[in-house]
Amino acid sequence: MACPTGIEAWLVTRYADVREVLGDQERFSARSGQAGHVLLNQPPDAGVEEGDFNRMDSADHLRFRRVIAPAITTVKRTELFRPLVQRITDDLLDELAGETGPVDLHARFATPLTSSVIAELLDVPPGDRVLFRNAARALFDGHVEADELAAANVPLYAYLAELVARRVQEPGEDVISVMAARARAADQPLTQLELTKVAASLLAAGYDTTAGMITYGMLALLRDPDQLAILRDHPALAPNAAEELVRLLSTGNGLMRVATVDTELAGTRIAAGDYVVVAIQAADHDPDRFPEPERLDVTRTRAAHLGFGHGSHQCPGQHIARLELSTVLATLPRRIPSLRLAVPFEEIQFKKDTVVLGPVALPVAWDEVLPAG
């Protein structure tokens, strides 16, 4: 396939083949980055700079994962955040209690929820959060050129560098403090710049990708009242529903890899240096893996979807994303049982020229917001 940039790449769509590519760093390197970023503002042959852990392989990448994991990627650590996520969810719904709509659920609920959660986890004061919101918007905007993106990142990196330095000297219980402590104790300690880039990556990803998934997921449920009713009556199905929505909707644009050796995939010869784009959405709709893949089924038996990636480069924030999404799915249908679209589905606008897919806005209405508890 030829990309709009003129880059030629192999397109991989079957579940088994996508999983094979993502799971084999020896044959397929991550240094070319994410396919969506390549199409927008990150050339696949750009040099891997200090701290660009998402474009590193093997031992180089593992060095970063060992620092990130104790802070956010363990189940035990994630469970510590559950009361925080529930409180923010309920507080945002309480703010909507005096209204009946139309309200943009993306702007008034999904985005404030996810940005507040990641900011709380990093202990970023509310008044300072505009910095990473601006940087995240630039990162995911397909119309932003590379130099504009770099300019948007300058104030964010300056702020985070100061924050990291402060947490190194005066550690707390936040994610940056935990990573800083782990970074100092590692066999190959992370530099301050490397730690700053990790924090920036978590902030940007936490701002937009999970918010988009919440909004897109609620739209899917509002279009399928029977499934929404099942979830409202059985909130214990929320974790299951979260996995199903990630599988069904997969808001990312796919991942790019580059072959490191002459190899073969699904009977096709791929030369060293060839680019390979793995289509996560197609893989998660492979009928050989998921029966009736286009159907939303919150009771579907869980299977290993690829919405968070696969292999060593799986999304490091996936446990937080799952926690946020499952909390919303257990809480929102119960507290606003009359939730409905405020406009016909045909009027919903979807994002374009961005690496994070989903509705631009989600106008909804309701009769009443029930109290928490």
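Sequence order as written defines the numbering, with residues in each chain counted from 1. Only residues with pLDDT of at least 70 get local features here, since the model is predicted, and only at 80 or more are side-chain atom pairs given and counted; chain-wide, interface and lining totals rely on the full set of residues. Hydrogens and water molecules were not included; the side-chain quantities draw on all heavy atoms of the structure.

### Describing unusual backbone geometry
For step 1, the next point in the chain: In this chain, Gly-101 is followed by Pro-102 through a cis amide linkage whose omega measures 0°.
For step 2, the next point in the chain: Note that Pro-102 resides in the loop between α5 (82-95) and β3 (103-104).
For step 3, the next point in the chain: In this model, Glu-292 sits at a positive phi of 45°, which is unusual for a non-glycine residue.
For step 4, the next point in the chain: Topologically, Glu-292 is positioned in the loop between α13 (280-283) and α14 (318-335). The numbering of helices and of strands both runs from the N terminus, where a helix is a DSSP run of H or I of at least 4 residues and a strand a run of E of at least 2.

### Some words on the packing of aromatic side chains
For step 1, the next point in the chain: Pairing of aromatic side chains here covers Phe, Tyr and the six-membered ring of Trp, requires ring centres within 6.5 Å, and sorts the geometry by plane angle: under 30 degrees stacked, over 60 edge-to-face, intermediate tilted. A full pass over the atoms with the stated rule returns three aromatic pairs.
For step 2, the next point in the chain: Both rings, one in Tyr-15 and one in Phe-290, keep their centres 5.7 Å apart while their planes meet at 80°; by these two values the pair is edge-to-face. With Tyr-15 in helix α1 (residues 15-22) and Phe-290 in the loop between α13 and α14, this residue pair connects regions lying 275 residues apart in the sequence.
For step 3, the next point in the chain: What links up through ring pairs into an aromatic cluster is the set Tyr-216, Phe-345 and Phe-350.
For step 4, the next point in the chain: Over the aromatic face of Phe-345 sits the side chain of Arg-223, whose NZ or CZ is 3.6 Å from the ring centroid.
For step 5, the next point in the chain: The criterion is that NZ of a Lys, or CZ of an Arg, lies within 6 Å of the ring centre and within 35 degrees of the ring normal, and then a charge sits over that ring. The residue whose ring lies beneath Arg-247 is Phe-290, and the NZ or CZ to ring-centre distance is 5.3 Å.

### Description of helix α3 (residues 58-73)
For step 1, the next point in the chain: In a helix, the anticipated span is given by 1.5 Å times the number of residues less one. Here α3 spans only 18 Å end to end across 16 residues, well under the 22 Å set by a 1.5 Å rise per residue.
For step 2, the next point in the chain: Burial classes: relative accessible area under 20% of the type maximum marks a residue as buried, over 50% as exposed, and values in between as partly exposed (1.4 Å probe, protein chains only). Those residues of α3 that sit buried are His-61, Phe-64, Arg-65, Val-67, Ile-68, Ala-71, Ile-72 and Thr-73.

### Some details on helix α9 (residues 175-185)
For step 1, the next point in the chain: For α9, the complete set of buried residues consists of Val-175, Ile-176, Ser-177, Val-178, Met-179, Ala-180 and Ala-183.
For step 2, the next point in the chain: Polar contacts, as counted here, are pairs of nitrogen or oxygen atoms within 3.5 Å of one another; within protein the pair requires one atom able to donate a hydrogen and one able to accept it, and residues that are adjacent in sequence qualify only if both atoms are side-chain atoms. Sitting at the amino-terminal end of α9 is Asp-174, which places a side-chain oxygen 3.1 Å from the backbone nitrogen of Ile-176.

### A few points about the environment of Thr-327
For step 1, the next point in the chain: Its location among the elements puts Thr-327 in helix α14.
For step 2, the next point in the chain: Of the residues examined, Thr-327 reaches a relative accessible area of 4% and is grouped as buried.
For step 3, the next point in the chain: Put simply, Thr-327 and Thr-89 are 238 residues apart on the chain and 7.7 Å apart in space, counted from C-alpha to C-alpha.
For step 4, the next point in the chain: Two residues qualify as a contact provided that any one of their heavy atoms is within 4.5 Å of a heavy atom in the partner residue. Setting aside its immediate chain neighbours within four residues, Thr-327 contacts Val-85, Gln-86 and Thr-89.

### Quick look at the pattern of salt bridges
For step 1, the next point in the chain: For salt bridges, the criterion is a side-chain nitrogen of Lys or Arg within 4 Å of an Asp or Glu carboxyl oxygen. Tallied over the entire structure, the rule returns 19 salt bridges.
For step 2, the next point in the chain: Glu-194 serves as the salt-bridge partner of Arg-63, at 2.7 Å between the closest nitrogen and oxygen. Residue Arg-63 is found in helix α3, and its partner Glu-194 is found in helix α10 (residues 192-222); the two are separated by 131 residues along the sequence.
For step 3, the next point in the chain: Put simply, Asp-174 and Arg-167 hold a salt bridge, and the shortest N to O gap is 2.8 Å. When sorted by exposure, Asp-174 lands in the same class as Arg-167, which is buried.

### Things to note about the sheet that holds strand β9 (residues 363-365)
For step 1, the next point in the chain: Only when DSSP finds a minimum of two bridges between them are two strands counted as paired. Taken in spatial order, the three strands make up an open sheet running β3-β9-β8, and their pairing is antiparallel. Looking at which strands have only one partner, the edges of the open sheet turn out to be β3 and β8 (340-341).
For step 2, the next point in the chain: Bridging between β8 and β9 involves two bridges; their strand directions are antiparallel. Following the sheet pairing, Leu-341 is matched in β9 by Val-364.

### Some points on the sheet that holds strand β4 (residues 255-259)
For step 1, the next point in the chain: The four strands are arranged β1-β7-β4-β2 in an open sheet whose pairing can be described as mixed. Edge positions in the sheet fall to β1 (9-12) and β2 (28-29), since each of these pairs with one other strand and no more.
For step 2, the next point in the chain: Judged from the four bridges that link them, β4 and strand β7 (residues 275-278) form a sheet pairing that is antiparallel. Looking at β7, one finds that Val-258 is bridged to Tyr-275.
For step 3, the next point in the chain: Strand contacts of α1: β1, β2, β4 and β7, with the helix running at about 125° to β7, the strand carrying the most contacts. Throughout, an axis means a line fitted to C-alpha atoms (over the contacting stretch in the case of helices), and angles, computed between N-to-C directions, take values from 0 to 180 degrees.

### Regarding the nonpolar core
For step 1, the next point in the chain: The criterion is simple. A nonpolar core is a set of buried Ala, Val, Leu, Ile, Met, Phe, Trp, Tyr and Cys residues joined through side-chain atoms within 4.5 Å. Core analysis: the biggest nonpolar cluster contains 77 residues, and Phe-109, Val-175, Met-179, Leu-221, Leu-329 and Leu-332 have the highest contact counts within it.
For step 2, the next point in the chain: Ranked by the residues each element gives to this core, the list is headed by α10, at 14 residues.
For step 3, the next point in the chain: Leaving out residues up to four positions away in the same chain, Val-175 has contacts with Ala-71, Ile-72, Arg-77, Phe-81, Leu-121, Leu-122 and Leu-202.
For step 4, the next point in the chain: By size, the runner-up hydrophobic cluster in this structure holds 15 residues, among which are Tyr-15, Val-21, Ile-270 and Ile-280.

### Brief notes about the confidence of the model for the chain
For step 1, the next point in the chain: Confidence along the chain averages 86 in pLDDT terms, with 88% of residues attaining 70 or more.
For step 2, the next point in the chain: Residue range residues 36-40 is modelled with pLDDT below 50. Its contacts to residues more than four positions away, or to other chains, number 18 contacts. Looking at any residue, its pLDDT shows the predictor's confidence there, from 0 to 100.

### So, the packing of α5 against α14
For step 1, the next point in the chain: At a closest axis distance of 10 Å, the pairing of α5 and α14 adopts a crossing angle of 40°. By the angle class used here, α5 and α14 are oblique. Note that α5 runs across α14; the crossing there is right-handed. Counted together, Arg-82, Val-85, Gln-86, Thr-89, Asp-90, Leu-93 and Asp-94 of α5 and Leu-323, Glu-324, Thr-327, Thr-331, Leu-332 and Arg-335 of α14 form the full contact between these two elements.
For step 2, the next point in the chain: Residues were grouped as follows: Ala, Val, Leu, Ile, Met, Phe, Trp, Tyr, Cys and Pro as nonpolar; Asp, Glu, Lys and Arg as charged; and all remaining residues, including Gly, as polar. Of the residues that constitute the contact of α5 with α14, the class distribution is four nonpolar, four polar and five charged. Roughly parallel covers angles under 35 degrees, roughly antiparallel covers those over 145, roughly perpendicular covers 65 to 115, and oblique covers all other angles. By definition, turning the near helix anticlockwise from the far helix through less than a right angle yields a left-handed crossing, and turning it clockwise yields a right-handed one.

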